[in-house]
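Reading the structure
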Amino acid sequence: MAVIRITPSRLPTLVVLALILSQAQTDPDPLQDYCIADMRNRHSFWVNGAPCIDPDSASISHFTTSALSKPGNPKANRFGFNVTLTNMANLPGLNTMGLTMARIDIVGSGLVPPHSHPRASEVTICLEGVIGVGFVDTSNRLFTQILRPGESFVFPKGLIHYLYNFDSTNSALAISGLSSQNPGVQIASLAAFMSKPGIPDEVLGTAFQITRQDIAKIRKNLGG
Ligand SMILES: *[C@@H]1O[C@H](CO)[C@@H](O)[C@H](O)[C@H]1NC(C)=O
């Protein structure tokens, strides 16, 4: 193994490296058994997460939810998917645990379009249907797989990924676990074309090598 000598000239590089590594973590570990989110006082002051209720007031209801028992409405958007999440409101006991669960319903030929989660990696399991999943790494290599019931796939943190229902008639169902209580989501097409205010046409035109008319058409197709 190469020995890295810490010379003064390398110090700035090491400091930057240490900073980057210290950022590459999941949510901070809880300092107590649990910190049940106190949603009432949520906006009286700002903390990273939510403040906790008195542990003596903890009850089973804080640790259980039926939020994922029913499908959302996948026809509510033009892509044909719906994601239902656990969060601090429906499962306050997961505050500070660094976890989210998601129920993903996809209509026949529906798509969870290419998107990324800035704060979480994700492991998904197909429960029903045939789901084509894939992610693109930072060298633009695509890793793709077809999942059938019981089969799983992992999407590394921050990388663009998608889930497509290859079956044109039957809907598909998947459950995901994400490594943050607030994974965040950025859908690539919506971030590029549907931001408010819009990214200037010059920028999109050059970035995608398209005309103003193309941009207007894409925006219209996406519901803008
Ligand atoms: C998911 O379905 C619910 C209704 O069950 C709807 O309110 C919501 O907008 C849908 N979400 C998406 C992303 O389509």
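Residues numbered from 1 in each chain as written. Predicted model: local features only at pLDDT ≥ 70, side-chain atom pairs only at ≥ 80, totals over all residues. Heavy atoms only, no water.

Considerations on the side chain of Asp38
- Looking at where Asp38 falls in the secondary structure, it is placed in the loop between α1 (11-23) and β1 (81-85).
- Separated by 3.2 Å, the side chain of Asp38 and the backbone nitrogen of Arg40 make a polar contact.
- Ignoring anything within four residues of it in the chain, the contact list for Asp38 reads Pro51, Cys52 and Ile53. (Helix = DSSP H or I, 4+ residues; strand = E, 2+ residues; numbered from the N terminus. Polar contact = N/O pair within 3.5 Å; in protein donor to acceptor, adjacent residues only side chain to side chain. Contact = heavy atoms within 4.5 Å.)

Here's the deal with the site of the ligand
- The environment of the ligand is made up of Gly72, Asn73, Ala76, Asn77, Phe81 and Asn82.
- Here an oxygen atom of the ligand and a side-chain polar atom of Asn77 are 2.7 Å apart.
- One of the side-chain nitrogen or oxygen atoms of Asn82 is found 2.2 Å away from an oxygen atom of the ligand.
- For the ligand, the accessible surface in isolation is 360 Å², of which the surrounding protein chains cover 45%.
- Here the residues of the shell around the ligand are counted per class, giving two nonpolar, four polar and no charged. (Near = heavy atom within 4 Å. Areas by Shrake-Rupley, 256 points an atom, 1.4 Å probe, with all protein chains shown as cover. Nonpolar A, V, L, I, M, F, W, Y, C, P; charged D, E, K, R; others polar.)

Topic: the layout of surface pockets
- Roughly 230 Å³ of internal volume is contained in the second largest pocket.
- Forming the boundary of the second largest pocket are 15 residues, of which Val83, Leu85, His115, His117 and Val185 lie nearest the centre.
- With three residues, β1 is the single largest residue contributor to the lining of the second largest pocket. (1 Å grid on protein atoms, 1.4 Å probe; cavity = no way out; pocket = protein on both sides within 12 Å on 5 of 7 lines; lining within 4 Å. Points joined across faces, edges and corners; volume = space filled by probe spheres on them.)

Some points on the pairing of strand β4 (residues 122-128)
- Pairing of β4 with strand β7 (residues 152-155), which is carried by four bridges, proceeds in the antiparallel orientation. Its bridge partner being in β7, Glu122 is matched across the sheet by Phe155.
- Here β4 runs beside strand β9 (residues 172-178); their pairing, made up of six bridges, is antiparallel. Counterpart to Glu128 in the pairing with β9 is Leu173. (Pairing = 2+ DSSP bridges.)

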